[in-house]
Amino acid sequence: MVSTASTASTAAVPLTAFSIAEADRDLDPATFLATSPTWYPAVVPGGVHESLLAAGVIDDPYVGTNEGSVRWIEDRDWWYRASFPGVTAGSGERLRLVFHGLDTVVTVWLNGRELGHHENQFRPAEFDVTELLEDENEILLRFTPPLAGRTIPESVTAMNQALAKLYMPAGAAEATEAAGVPDGVMPFEIESGPLSATLSLATTLRKATFSWGWDFGPRVASVGVWRPVELVRETSATIIGHHVAVRGLRSGVHGAHGVADVDLLVQTRETVAGATARVTLVSPSGDRVEHEFPFDGDSAATTVAVVDPELWWTHDLGTPNRYDVTVEVVHERTVLARRTDRIGLRTIELDRQSDPEGGRLFRFVLNGVPVFSRGAAWVPASMLVGSVTDDDHRELLTLARDANMNMIRVWGGGVYENDGFYEATDALGILVWQDFMFACTDYPSLDEHLQREVALEAAYQVRRLRNRASLGVWCGNNEVQMIHGGVFQSLEPGDWGWDFFNRILPEAVAADDGFTPYWPGSPFGEDPDDGFMAANGFRDGDRHAWEVWHGMSMTSALEQFESVGHSRLYRRYADDTGKFISEFGIHASPELGTLQRWVDDRDLAVHSAAFDAHNKDNPKDKHDPILEIVTGLPTTLDEYAQFTMVSQAEGLKFGIEHYRRRQPHCSGTLIWQLNDAWPGFSWSVIDYDLVPKAGYYYASRAFAPVIASFRETAAGAELWVSNSGADAVRTTATISRVGFDGRTRRSETIDVDLGPGESTSFWSGVVEPDGILWVDSVDDAFPANRLLPGEIKDVPFETRGIESTVTRVDDATATVEIRSSGYGYLVHIDSPAPGVRFSDNYFDLRDGETRTITVRGLSADTDVQAFMASPYIGALATTTAR
């Protein structure tokens, strides 16, 4: 865990030399040590699985069908131990033993003395050890099975019973009763997710919900010391918190770029008589201002005016500027404590004014400028959350930025990410929609112990993240209101999470942040005409658009479809009039190379046991009815990988373009999901090996600040241009009629003049069944785009050849010039290895058209012949390279 903040008066000694051992349940330290356990080096930060894997005790649970072979780990006790030399506290000092992350149910001993018990993965365990240290010290931790001894809360039992009635096959109730299925347990086997009995047990435990498996990941429940451990020396003047926040922006005569009114807050461990706080701000251009102000007890606060502020912007609207901030506690010219940070100055608001279309807007306003949010949901980058590094976060988030994403939603079924994650979003100019960690089930929110844990967790996380310029919104949960409301047709107060999402969490945000918006859940809305359906409604708030893929209906009207595939088809996005789409997605395979790295070739075939084991959605053939419509059913593994990627890519493109044409009535579109927690089949656009899928590149073009897109109508098609950038757009667009052979038959030009935040139709015409509509601009004001006359399987692309010319630039870089003969659909280069990056991929080329892409991340011995471009596997073609 890396933090940009540091405190000069606080000395921290990292403790990393831990060992782990397995044990029977509930032994005390003396009895456990008397068993002469076998110790293995522990990976800290990390977990038990990572440590056993490094020691060769277990096989990688992500390979083949190995996940079941490690299930026993979650049923055992695991002990950690570490030794360290003694430290003496000076006068007025205290020593704290700080575990920044323990996963999850653990008891801690120091030198044989029990320090305490901890059951929250999401907040530190801290112990005052000032009087307890000896010349040599030993820490022991005992992690016990997190679900042991737990029972399903009464309110969750009621939820399960109601869900069972909704999902139970006709006539199954009597059979269930006769079979003696306990109350609160689903009457049929649910592998993972919101209907599983395991999740119901876990509602009383503050641990990542997805630990027990989800529809994108396996059941590999992490356990252990997942964040750093430190011995911390403090004084009474130690700074325990600071907050630098823009109260408002105003124009004025004092500066050409106005004035920012900035609130400054400094908090110390204890009151320091006669001390003052001093905060120094140094702008990106080097301007330095210093403010000194008195303490009132253990805190000091003031508001200052920053003239000509260099504001933090998302990368698409400007520069993510940050100030170097130094916070000091000063007494008689002596600095008693110091902390440094990098903080962006910005305002963020949630605009919910009336929408002329009906209902209310739901859009973020950054520094007074409305934002069209374009991005994706983030899931932990591994099921083994302690193994994810800052470099992993930075690489994934850089890929998101490079795909024109300006918002990432941290999903409530995972974890609050470490400081390095938010340092990256700050630096890259990406807003963060931050869920609190609740997902997809009722919670016993009237339980006093759980209320206390949630309050402490929320206070810690809000204080930790409140200085992040990228923090865009605090959100209560993922899909709790939607599911509860759908089951009980009510969102009235009760023991289902209401107190968390309507009292404890918003109170924590108000008390310890006060500037970042709070939203009760995702999805959520408050339109009075929709009642409980407003929680995923079309007229207010955000919504999750799972009509596509899951075939759901989000209205009370009964819908009829031509087939199961049509009920799940991406074209249903065209009917969505939501104000902000915070989830929508389509499943896809990773590239074949990723599958081959994790599943043995002997076991790798469509719907083989190993193949289906890496697909956690059910049924395993859910995509087939969609593929029948879009691409046709695959007959080989190569076809399956590419056909599913095409289905995802074309569907995401269609959805994003639709939502962007609706700007400002729709003000956001976040894909489910950006990344993967293991190497499997999922909705991600970047796989576990960090190899982007076709959908990533399609989304990148559809997320460009300015796009041109065709909208199909009864009369033909309209060309819309949507501008989510900061500046007006004035360009000339060329609309071409292109044959299936890739040759342009005729073209016309139109003038485009569009202000920021506008989306307008500029052209309409017929769609010819034997040709393709193509649009581009003379100055590349937007990416080229096209409209096909039907589904992919019905378009007879005439691809005569793809020629690739590779030029080695240096050991790490090459360029590939690609030229199409005929119409090149889905022209791409397969990734030869993780870490290789293409500047573009998976695109269309007209006859004779060329595109040069840059390839980075090569090694000196990389065979450049691996960069032979190919067209869509469903189109007959030849390829050449030179």
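Here, the structure is the one placed above.
Residues numbered from 1 in each chain as written. Predicted model: local features only at pLDDT ≥ 70, side-chain atom pairs only at ≥ 80, totals over all residues. Heavy atoms only, no water.

Caption draft 1: Expanded view of the overall build of the chain. From N to C terminus, the chain includes 16 helices and 45 strands. Since a compact globule built from 882 residues should have a radius of gyration of about 29 Å, the 28 Å found for the chain is in line with a globular shape. Its C-alpha atoms give the chain principal-axis dimensions of roughly 85 × 80 × 65 Å. Across the 882 residues of the chain, 61% fall into the buried class. Within the chain, contacts between residues at least 6 apart in sequence are counted, and of these 71% link residues at least 24 apart. Carbon and sulfur atoms form 48% of the exposed surface of the chain, whose accessible area is close to 32,700 Å². If the 73 positive side-chain charges of the chain are averaged to one point and the 127 negative ones to another, these points end up 3 Å apart. (Helix = DSSP H or I, 4+ residues; strand = E, 2+ residues; numbered from the N terminus. Rg over C-alpha atoms; globule rule 2.2 N^0.38 Å. Buried < 20%, exposed > 50% of the residue type's maximum accessible area, 1.4 Å probe, protein only. Contact = heavy atoms within 4.5 Å. Areas by Shrake-Rupley, 256 points an atom, 1.4 Å probe, with all protein chains shown as cover. Lys, Arg positive; Asp, Glu negative; His and termini not counted. Charge placed at Lys NZ, Arg CZ, Asp CG, Glu CD.)

Caption draft 2: Geometry of the pairing of strand β19 (residues 323-331). Here 7 bridges tie strand β16 (residues 276-282) to β19, and the two strands are oriented antiparallel to one another. Note on β19: the bridge partner recorded for L281 is V325. With 9 bridges joining them, β19 and strand β20 (residues 334-343) adopt antiparallel strand pairing. The residue of β20 that forms the bridge with Y323 is I343. Counted between consecutive antiparallel strands, the loop separating β19 from β20 contains 2 residues, among which E332 sits at a positive phi close to 50°. (Pairing = 2+ DSSP bridges.)

Caption draft 3: Local environment of the pattern of salt bridges. Tallied over the entire structure, the rule returns 64 salt bridges. Where E395 meets R837, a salt bridge forms, and the shortest distance between an N and an O atom there is 2.6 Å. Highlighted residues: E395 in helix α6 (residues 390-402) and R837 in strand β42 (residues 837-838), separated in sequence by 442 residues. Taking relative accessible area as the criterion, E395 reaches 31% and is therefore assigned partly exposed. (Salt bridge = Lys/Arg side-chain N within 4 Å of Asp/Glu carboxyl O.)

Caption draft 4: Highlighting the side chain of T516. Structurally, T516 is set in the loop between α10 (498-512) and β28 (518-519). A polar contact is formed between the side chain of T516 and the side chain of D513, at a distance of 2.7 Å. Leaving out residues up to four positions away in the same chain, T516 has contacts with R346, I348, L471, G472, V473, W474 and V509. (Polar contact = N/O pair within 3.5 Å; in protein donor to acceptor, adjacent residues only side chain to side chain.)

Caption draft 5: Local environment of the packing of helix α8 (residues 448-465) against α10. It is the contact of α8 with α10, at a shortest axis distance of 9 Å, that shows an interaxial angle of 35°. With respect to the hand of their crossing, α8 and α10 are arranged in right-handed fashion. In contact with L450, Q451, V454, A455, A458, A459, V462 and R463 of α8, α10 contributes D499, F500, R503, I504, L505, A508, V509 and D512. Considering only residue class, the contact of α8 with α10 consists of 11 nonpolar, 1 polar and 4 charged. (Axes fitted to C-alpha atoms, helices over the stretch in contact; angles between N-to-C directions. Left-handed = near helix turned anticlockwise from the far one by under 90°. Nonpolar A, V, L, I, M, F, W, Y, C, P; charged D, E, K, R; others polar.)

Caption draft 6: Structural context of the sheet that holds strand β11 (residues 136-143). Pairing in this open sheet of 6 strands is antiparallel, and the strands run β4-β3-β5-β11-β8-β9 from one edge to the other. Of all the strands in the sheet, just β4 (40-41) and β9 (113-118) have a single pairing partner and so form its edges. Note that strand β3 (residues 19-23) and β4 share 2 bridges and pair antiparallel. Following the sheet pairing, S19 is matched in β4 by P41.

Caption draft 7: Here's a closer look at helix α7 (residues 419-428). In terms of burial, α7 is a largely internal element, 9 of the 10 residues being buried. Buried residues of α7: D419, G420, F421, Y422, E423, A424, T425, D426 and L428, and no others. Among the structural elements, β24 (373-378), α6, β25 (407-410), β26 (431-435) and α8 are those in contact with the buried residues of α7. In the stretch just after α7, G429 is the one whose phi turns positive, near 75°.

Caption draft 8: The arrangement of the sheet that holds strand β15 (residues 259-268) in detail. Taken together, the 3 strands give an open sheet; going across it, the order is β14-β15-β18, and neighbouring strands pair in antiparallel fashion. Edge strands, defined here as strands with exactly one partner in the open sheet, are β14 (239-250) and β18 (299-307). Going across the sheet, the axis of each strand differs from the next one's by a mean of 20°, ignoring polarity.

Caption draft 9: Focus on the state of the cysteines. On inspection of all chains with the given rule, the structure shows 0 disulfides. Cysteine C440 remains unbridged, with the sulfur of C475 as its closest cysteine sulfur at 12 Å. On the basis of relative accessibility, which here comes to 5%, the residue C440 falls in the buried class. Residue C475 is classed as buried on the basis of its relative accessible area of 0%. (Disulfide = S-S within 2.5 Å.)

Caption draft 10: Spatial organisation of the nonpolar core. Judged by nonpolar contacts, the single largest core of 168 residues is most densely connected at Y80, F99, L141, F436, I818 and Y825. Considering every element that reaches this core, the biggest residue donor is helix α15 (residues 637-661), with 8 residues. Beyond its immediate sequence surroundings of up to four residues, L141 is in contact with F18, W78, W79, Y80, F99, L102, V106, T107 and V108. (Core = buried A, V, L, I, M, F, W, Y, C linked by side-chain atoms within 4.5 Å.)

Caption draft 11: Representation of unusual backbone geometry within the structure. Residue V44 is joined to P45 through a cis peptide bond whose omega torsion reads -5°. Between D103 and T104 the backbone carries a cis peptide bond, its omega angle lying at 0°. Its location among the elements puts T104 in the loop between β7 (102-103) and β8 (106-110). Positive phi, close to 65°, is recorded for C440, a residue that is not glycine. Relative to the assigned elements, C440 resides in the loop between β26 and α8. Positive phi, normally seen in glycine, also occurs at W549, with a value near 80°. Note on placement: W549 falls in the loop between β29 (543-544) and α11 (564-568).

Caption draft 12: A look at the packing of aromatic side chains. Enumeration according to the criterion identifies 51 aromatic pairs in this entry. Summarising the aromatic geometry, the rings of W433 and F580 are spaced 5.7 Å apart at their centres and angled 35° between planes, so their arrangement reads as tilted. With a gap of 147 residues between them, W433 in strand β26 and F580 in the loop between α11 and β30 (581-583) connect regions that are remote in the sequence. For the ring pair F611 and Y640, a centre distance of 5.1 Å and an interplane angle of 75° mean the geometry is edge-to-face. Here the residue F611 occupies a position in helix α13 (residues 609-613), and Y640 occupies one in helix α15, the gap between them amounting to 29 residues. Of the two residues, F611 and Y640, neither departs from the other in class, the shared state being buried. Aromatic ring contacts, followed pair by pair, group F362, F364, W433, W519, F524 and F580 into a single cluster. Residue placement shows R206 over the ring face of F438; its charged tip is 4.1 Å from the ring centre. Directly above the ring of W212 sits K207, whose terminal nitrogen or CZ lies 5.8 Å from the centroid. (Phe/Tyr/Trp six-rings, centres within 6.5 Å; stacked < 30°, edge-to-face > 60°. Lys NZ or Arg CZ within 6 Å of the ring centre and 35° of its normal.)

This is a description of form; function is not addressed.
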